[in-house]
Amino acid sequence: MRPPESEYDSNHTSLGFHPQSSSSSLPPSPKANGHIANGHGSSINGSSKRSRSPIARVELPGATIYDDSYIDREEYIRLVIQSLRDIGYIESAATLEEESGYVMETSPVAEFRRCILEGAWSEAEHALERLGVAEDDGLWEAKFLISQQKYLEYLETSKTTMALHVLRNELAPLHMDPEQLLPLSSLIMCTDAADLRQKAGWDGAYGSSRRRLLFNLQSYIPSSLMIPPRRFVTLLDQARLHQISQCIYHNAPLTSQHFSLYADHTCDTDLFPRITTTILQVHNDEVWSLEWSHSGKFLASASKDKSVIIWSVGPHSNPDISPHLHLQDHQFPVGCLAWSLDDTILLSSCEQFIKMWNTESGICIRTIEAHTETVSALAWVPDGSGFISASQDRKINLWGSDGKQRDSWGITAIRITDLAVTPDFTRLVAVGESARDMNPVLPTTRGDSVATSSASRNGNNNTSSSAPRTREHLMIVYDLATKQPELSVSLNGQLTSVKISSDSQYALVNQAPNVRVAPDLFCGLMYGESGDPLWDLFTGRLARKYTGQRQGQHIIRSCFGGVDGNFVVSGSEDGNVYVWHRDRAILLDVLTGHGSGSVNSVAWNPRNTQMFASCSDDFTIRLWEPSVCGPDGELSRVTHRTADNRHESETNGKGKGKGRESWVEDDSVS
């Protein structure tokens, strides 16, 4: 039998309510063996309803768990009790409380928890004060959170009069920020409970909102009184993350198979992709760019030979590679590539043209000519609805997935050499050279020393070679919604590429010194003596630099790689591939194998985290994977694949690894 509504509403919005978690931001509500964690259910504060023999209390000397330890015994035991309850061992937790003499939490804390989870709001405020929370500790803020929950629950149950009473007599007198009160007051106009939950971003009394409230209130209560939820697990997670940070070759997924509490975590260095397992020599000129499909099943390569090849890569268990399409309908060398979100369309650029290819049939869907100079960057927007193109003509255009122009950013402040869109779809990062000098000397992807502007290529270069030029190399971060710049960073030397980390926090920029500087004066990823910069997009500050690689005259494109994007990989003008640890900026490997000329681009397989590819001026593409021993315990020799079905095995020690079957290029493939 329910009590009268007035009495019910003043204290309890819901009787016997047990919240269920629906939010990934909160620890899951542990419910096991018929018990709810943290002392609720069949056992509260260690008192079990089941009769049993009394447990003798154990008295131990000292206050720490070991003589040579700094860990307080009481804190440790209380965390163990909490963990036992969390996973459902209620009787064991109660036994430990009796035997140790320590309780996980006192009766006032348990009462406060009960009041919040059962919606006893008036009692909850009094219980909060009994816990010693004072005004200086945020008492009014905590009361505001409680009253806010009460207000929303009244609205959810259509008790508008009582909700208004809370708004006027409890929330408003607390003198909180008006920006918090105005949205709350507007919720009275919601048409129904579903509308309320949607507009408030709140999942209701029977969702996880009360547990979320308890989680938020915990910050106002001393942790020695009310232990934060799943505290032991939090400490173990912190230990695991520390071990990962110390494992410089970490490239294992976060599973119980790769992590154990019995030993410190370390990754086998033999599982790091440092061995060439396949050499693809089908292009008949320098290979400039590589892009993996989002599925990791296809690799696209672009070359100076005016063609694009799409390679099909087998599953991780049998990663055989074979040609899928050879796209040769380009009038000029191909510079940029970009896969659509569903991998059905591949974009390629050659000079001022953009081509859209059907990746199943190899048919060119559309050829776009909207830029007046070389298209230097292509990027699909993260939701797959379209793509963005940028050019040295200083224009940024937005296109639909059908190839029709949807928007234009007009003339930007720089001649763009590359751009990228953050995965969270909030920002666009562009790098290039300021437009002050409208006929600058540009880095090239090729063997020529420089690339000139359109006027120079057409023979109309009237610029005196002796005239001083003032050029500024900029990284500009734009708000994607407003198209307005949020951040502009001036750097020394040409900026040739930019990649964004998967968490949208970091921008990896390749930076080359001015081509007029002697090449032996610099070395570094983004180049120059300062090294390659990694920029924190949240703070606008340089996070790290990566040094060792050589870049002076050519465009080189680096990338993030590994399970957590915790590696930085780049090609180099010395013909090598360089690998660094992202967070510690340690040079892990210098991978040899390519011939003379620059390694122009690297790309890490997004699905197979133990594979990446590199391409070079030596006309080849190399796949890098962990070493795999043959039946005799020795590394197999790599198969060198060519367009004419020619096989060669490496004998100089470079590119050793497991071989794969060769293939014959089919002239019918277009």
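Structure's up top.
Here is a short report on the structure shown in this document.

Calculation rules
- Residues numbered from 1 in each chain as written.
- Predicted model: local features only at pLDDT ≥ 70, side-chain atom pairs only at ≥ 80, totals over all residues.
- Heavy atoms only, no water.
- Helix = DSSP H or I, 4+ residues; strand = E, 2+ residues; numbered from the N terminus.
- Buried < 20%, exposed > 50% of the residue type's maximum accessible area, 1.4 Å probe, protein only.
- Contact = heavy atoms within 4.5 Å.
- Areas by Shrake-Rupley, 256 points an atom, 1.4 Å probe, with all protein chains shown as cover.
- Axes fitted to C-alpha atoms, helices over the stretch in contact; angles between N-to-C directions.
- Parallel < 35°, antiparallel > 145°, perpendicular 65-115°, else oblique.
- Left-handed = near helix turned anticlockwise from the far one by under 90°.
- Nonpolar A, V, L, I, M, F, W, Y, C, P; charged D, E, K, R; others polar.
- Polar contact = N/O pair within 3.5 Å; in protein donor to acceptor, adjacent residues only side chain to side chain.
- Arc of directions from axis to C-beta.
- Disulfide = S-S within 2.5 Å.
- Phe/Tyr/Trp six-rings, centres within 6.5 Å; stacked < 30°, edge-to-face > 60°.
- Pairing = 2+ DSSP bridges.
- Core = buried A, V, L, I, M, F, W, Y, C linked by side-chain atoms within 4.5 Å.

Quick look at the overall build of the protein
Moving on, step 1. Looking only at helices and strands, one finds 12 helices and 34 strands in the protein.
Moving on, step 2. Counting only residues that meet the buried cut, the protein has 51% of its 670 residues in that class.
Moving on, step 3. For the protein, restricting intrachain contacts to residue pairs at least 6 apart in sequence, the fraction spanning at least 24 positions comes to 53%.
Moving on, step 4. Counting every atom, the protein has about 30,800 Å² of accessible surface; 50% of that belongs to carbon and sulfur.

So, the packing of helix 6 (residues 139–156) against helix 7 (residues 160–171)
Helix-helix packing: each pair is described by the crossing angle between the helix axes and the interaxial distance.
Moving on, step 1. The contact between helix 6 and helix 7 brings their axes to 8 Å, and the two run at 165°. Taken together, the axes of helix 6 and helix 7 are roughly antiparallel relative to one another. Between helix 6 and helix 7 lies a crossing of left-handed hand. Listed contacts from helix 7 to Phe144, Ser147, Gln148, Lys150, Tyr151, Tyr154 and Leu155 of helix 6 are Met162, Ala163, Val166, Leu167, Glu170 and Leu171.
Moving on, step 2. The residue makeup of the contact of helix 6 with helix 7, split by class, is nine nonpolar, two polar and two charged.

Side note on the side chain of Thr277
Moving on, step 1. Among the secondary structure elements, Thr277 is positioned in strand 5 (residues 275–281).
Moving on, step 2. What makes Thr277 buried here is its relative accessible area of 1%.
Moving on, step 3. Only 2.6 Å separates the side chain of Thr277 from the side chain of Glu625, close enough to count as a polar contact.

A look at helix 7
Moving on, step 1. Along helix 7, the positions that sit buried rather than exposed are Ala163, Val166, Leu167 and Leu171. Angular distribution of buried residues about the axis of helix 7 spans 95°; they occupy a single face of the element. Facing away from the buried side of helix 7 by more than 90 degrees, the exposed set consists of Thr161 and Arg168.
Moving on, step 2. Turning to helix 7, the residues buried within the fold contact helix 6 and helix 8 (178–186).

Here we look at the state of the cysteines
Moving on, step 1. The final tally for this structure, using the stated rule, is zero disulfides.
Moving on, step 2. For Cys267, which is in no disulfide, the shortest distance to another cysteine sulfur is to Cys247 and amounts to 3.9 Å.
Moving on, step 3. Since its relative accessible area comes to 15%, Cys267 is described here as buried.

Some words on the packing of aromatic side chains
Moving on, step 1. By the definition in use, this model includes 14 aromatic pairs.
Moving on, step 2. Pairwise contacts between aromatic rings join Tyr249, Phe272, Phe567, Trp604, Phe612 and Trp624 into one cluster.

Topic: the sheet that holds strand 9 (residues 321–327)
Moving on, step 1. Read across the open sheet, the four strands follow the order 6-7-8-9; overall the sheet is antiparallel. Because the sheet does not close on itself, it has two edges, and the strands there are strand 6 (287–292) and strand 9. In this sheet, adjacent strand axes meet at a mean angle of 20° when their direction is disregarded.
Moving on, step 2. Examined bridge by bridge, strand 7 (residues 298–303) and strand 8 (residues 308–313) share five bridges and lie antiparallel to one another.

Some remarks on the nonpolar core
Moving on, step 1. In this structure, Phe112, Ile116, Leu128, Val133, Leu217 and Ile221 are the most contacted members of the largest nonpolar core, which totals 21 residues.
Moving on, step 2. Listing elements by their share of this core, those giving two or more residues are helix 4 (107–118), helix 5 (121–130), helix 6 and helix 10 (209–217).
Moving on, step 3. Top element by residues in this core is helix 4. It accounts for five residues.
Moving on, step 4. Core analysis: the second largest hydrophobic core is formed by 18 residues, Ala379, Ile416, Ile476 and Leu480 among them.

A short note on unusual backbone geometry
Moving on, step 1. Even without being glycine, Ser158 reaches a positive phi, approximately 65°.
Moving on, step 2. By the element assignment, Ser158 lies in the loop between helix 6 and helix 7.
Moving on, step 3. In this model, Lys483 sits at a positive phi of 65°, which is unusual for a non-glycine residue.
Moving on, step 4. Looking at the element boundaries, Lys483 is found in the loop between strand 20 (473–479) and strand 21 (485–491).

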